[in-house]
Amino acid sequence: NAGVMQNPRHLVRRRGQEARLRCSPMKGHSHVYWYRQLPEEGLKFMVYLQKENIIDESGMPKERFSAEFPKEGPSILRIQQVVRGDSAAYFCASRLDTVSGNTIYFGEGSWLTVV
Amino acid sequence: GQSLEQPSEVTAVEGAIVQINCTYQTSGFYGLSWYQQHDGGAPTFLSYNALDGLEETGRFSSFLSRSDSYGYLLLQELQMKDSASYFCAVREGGATNKLIFGTGTLLAVQP
């Protein structure tokens, strides 16, 4: 049973370009979370999605950031017109669709570097 | 506001026992989780407490006191490979069940 799969693992973008980060949840999981981690800091919640629905985007910056989780395919976190401050590790996590699904499992992360 | 406080760093020697504390203040509370993260790696689930008391999983134990908004992670028989960052996280429940993470504790295990 494969874990949460993220790609790319490392991404370098110039200021002003777009970054697309992909996440495939664990098999059987229909809940996806995106977190951002700046160097030597904790994980900050960004957005929570279920298939075709954004449930909670309270942690998303109001501009340039968007996320989706289509009916088919991976969840995508999109950052437009990247700036140096967007350089961070972006972790995706998934959870079972059950009342007792209280554990979320993380992928290996995507490291974005903006130059 | 929401906050989870942990010590920033802890140092211990191989074979010892170390306790990492976490105090929290959040708008909702449905449980306290602990995650381990090695440098450059994915956060890995260690334990979860929904009710007061001690949960034991091998060398790791976790404790929760909801009345004190406090929990801790206890690591026994420390090994060098335990050197990592440890995060407590509150499960907020509600519609999202999202986790709010603490600032993390960097554990350094010395020979």
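Up top is the structure.
Residues numbered from 1 in each chain as written. Chains lettered and ligands numbered in written order. Predicted model: local features only at pLDDT ≥ 70, side-chain atom pairs only at ≥ 80, totals over all residues. Heavy atoms only, no water.

Enquirer: Explain the overall build of chain A here, please?
Expert: When you go through chain A residue by residue, the secondary structure sums to zero helices and eleven strands. Going from N to C terminus, chain A has its helices and strands arranged as β-β-β-β-β-β-β-β-β-β-β. Rg of the C-alpha trace for chain A: 13 Å, near the compact-globule value of 13 Å for 115 residues, within the 12% margin. Principal axes of the C-alpha set define a box for chain A whose edges measure 40 × 25 × 25 Å. Across chain A, every contact between residues at least 6 apart in sequence was considered, and the portion connecting residues at least 24 apart equals 52%. Split by element, the accessible area of chain A, about 6000 Å² in all, is 47% carbon and sulfur. Side chains of chain A carry 16 positive and 12 negative charges; the gap between the two charge centres is 5 Å. (Helix = DSSP H or I, 4+ residues; strand = E, 2+ residues; numbered from the N terminus. Rg over C-alpha atoms; globule rule 2.2 N^0.38 Å. Contact = heavy atoms within 4.5 Å. Areas by Shrake-Rupley, 256 points an atom, 1.4 Å probe, with all protein chains shown as cover. Lys, Arg positive; Asp, Glu negative; His and termini not counted. Charge placed at Lys NZ, Arg CZ, Asp CG, Glu CD.)

Enquirer: Explanation requested: the pattern of salt bridges in the structure shown.
Expert: Side-chain pairs of opposite charge can arise whenever the charged atoms involved come near each other. All names here are of chain A. Across all of its chains, the model carries seven salt bridges over all chains by this definition. Among the ionic pairs, aspartate 86 bridges to arginine 64, the shortest N-O distance being 2.7 Å. Here aspartate 86 is found in the loop between strand S8 (75-79) and strand S9 (88-96), whereas its partner arginine 64 is found in the loop between strand S6 (53-56) and strand S7 (65-68), with 22 residues between them in sequence. Relative accessible area serves as the criterion here: at 25%, arginine 64 is assigned to the partly exposed category. Connected through shared salt-bridge partners, Glu18, Arg20 and Arg78 make up one network. (Salt bridge = Lys/Arg side-chain N within 4 Å of Asp/Glu carboxyl O. Buried < 20%, exposed > 50% of the residue type's maximum accessible area, 1.4 Å probe, protein only.)

Enquirer: Whenever I open this one, the nonpolar core confuses me. Can you help?
Expert: The tendency in soluble globular proteins is for nonpolar side chains to be buried side by side. Ranked by size, the top nonpolar core spans 23 residues in total, and within it Trp34(A), Met46(A), Leu77(A) and Tyr90(A) carry the most contacts. Mapped by element, the contributors of at least two residues to this core are strand S3 (19-24), strand S4 (29-37), strand S5 (43-50), S7, S8, S9 and strand S11 (110-114) of chain A. Ranked by size, the runner-up nonpolar core spans 22 residues in total, among them Leu4(B), Tyr24(B), Leu32(B) and Phe60(B). (Core = buried A, V, L, I, M, F, W, Y, C linked by side-chain atoms within 4.5 Å.)

Enquirer: Explanation requested: the side chain of Gln6(B) in the structure shown.
Expert: Residues and elements named next belong to chain B. Mapped onto the secondary structure, glutamine 6 falls in the loop between strand S1 (3-5) and strand S2 (9-13). Looking at glutamine 6, its side chain comes within polar contact range of the main-chain nitrogen of glycine 104, at 3.1 Å. If near-sequence neighbours (up to four positions away) are discounted, glutamine 6 is found in contact with Ile20, Asn21, Cys22, Trp34, Tyr86, Phe87, Cys88, Gly102, Thr103, Gly104 and Thr105. (Polar contact = N/O pair within 3.5 Å; in protein donor to acceptor, adjacent residues only side chain to side chain.)

Enquirer: Just checking my understanding: could you explain a negative patch on the surface for this structure?
Expert: Taken together, the side chains of Glu40(A), Glu41(A), Glu9(B) and Asp39(B) present a region of like negative charge at the surface. Looking at where Glu41(A) falls in the secondary structure, it is placed in the loop between S4 and S5. What makes Glu41(A) partly exposed here is its relative accessible area of 36%. (Patch = residues over 30% accessible without salt bridge, like charges linked within 9 Å, V, L, I, M, F, W, Y side chains within 5 Å.)

Enquirer: Help me out: how do you make sense of the interface of chain A and chain B in this one?
Expert: It is common to report an interface's size as the accessible area lost on association of the parts. With 22 residues of chain A at the contact, the number on the chain B side is 18 residues. Surface buried jointly by chain A and chain B totals about 1600 Å² across both partners, of which 58% is contributed by carbon and sulfur atoms. Seen at the junction of chain A and chain B, the total is one salt bridge. The partner of Lys98(B) in a salt bridge is Asp56(A), and the shortest N-O contact between them spans 3.0 Å. When residues of the side of chain A that touches chain B are traced back to their parent elements, those giving at least two are S4, S5, S6 and S9 of chain A. Each residue belonging to the side of chain A that touches chain B can be placed in one class, and the counts come to eleven nonpolar, six polar and five charged. (Buried area = accessible area lost by both parts, 1.4 Å probe. Nonpolar A, V, L, I, M, F, W, Y, C, P; charged D, E, K, R; others polar.)

Enquirer: Please explain the pairing of strand S7 (residues 60-65) of chain B as it appears in this structure.
Expert: Looking down a regular strand, the side chains alternate between one sheet face and the other. Residue and element names in this part refer to chain B. Taking burial as the measure, the six residues of S7 include five buried ones, the bulk of the element. Pairing analysis gives five bridges linking strand S6 (residues 53-57) to S7, with the strands arranged antiparallel. Looking at the pairing, glutamate 56 lines up with serine 61 of S7. Here S6 folds back onto S7, and the loop between the two strands holds two residues, one of which, glycine 58, carries a positive phi near 65°. Judged from the six bridges that link them, S7 and strand S8 (residues 70-75) form a sheet pairing that is antiparallel. Residue pairing in the sheet places serine 61 in a bridge with leucine 74 of S8. (Pairing = 2+ DSSP bridges.)

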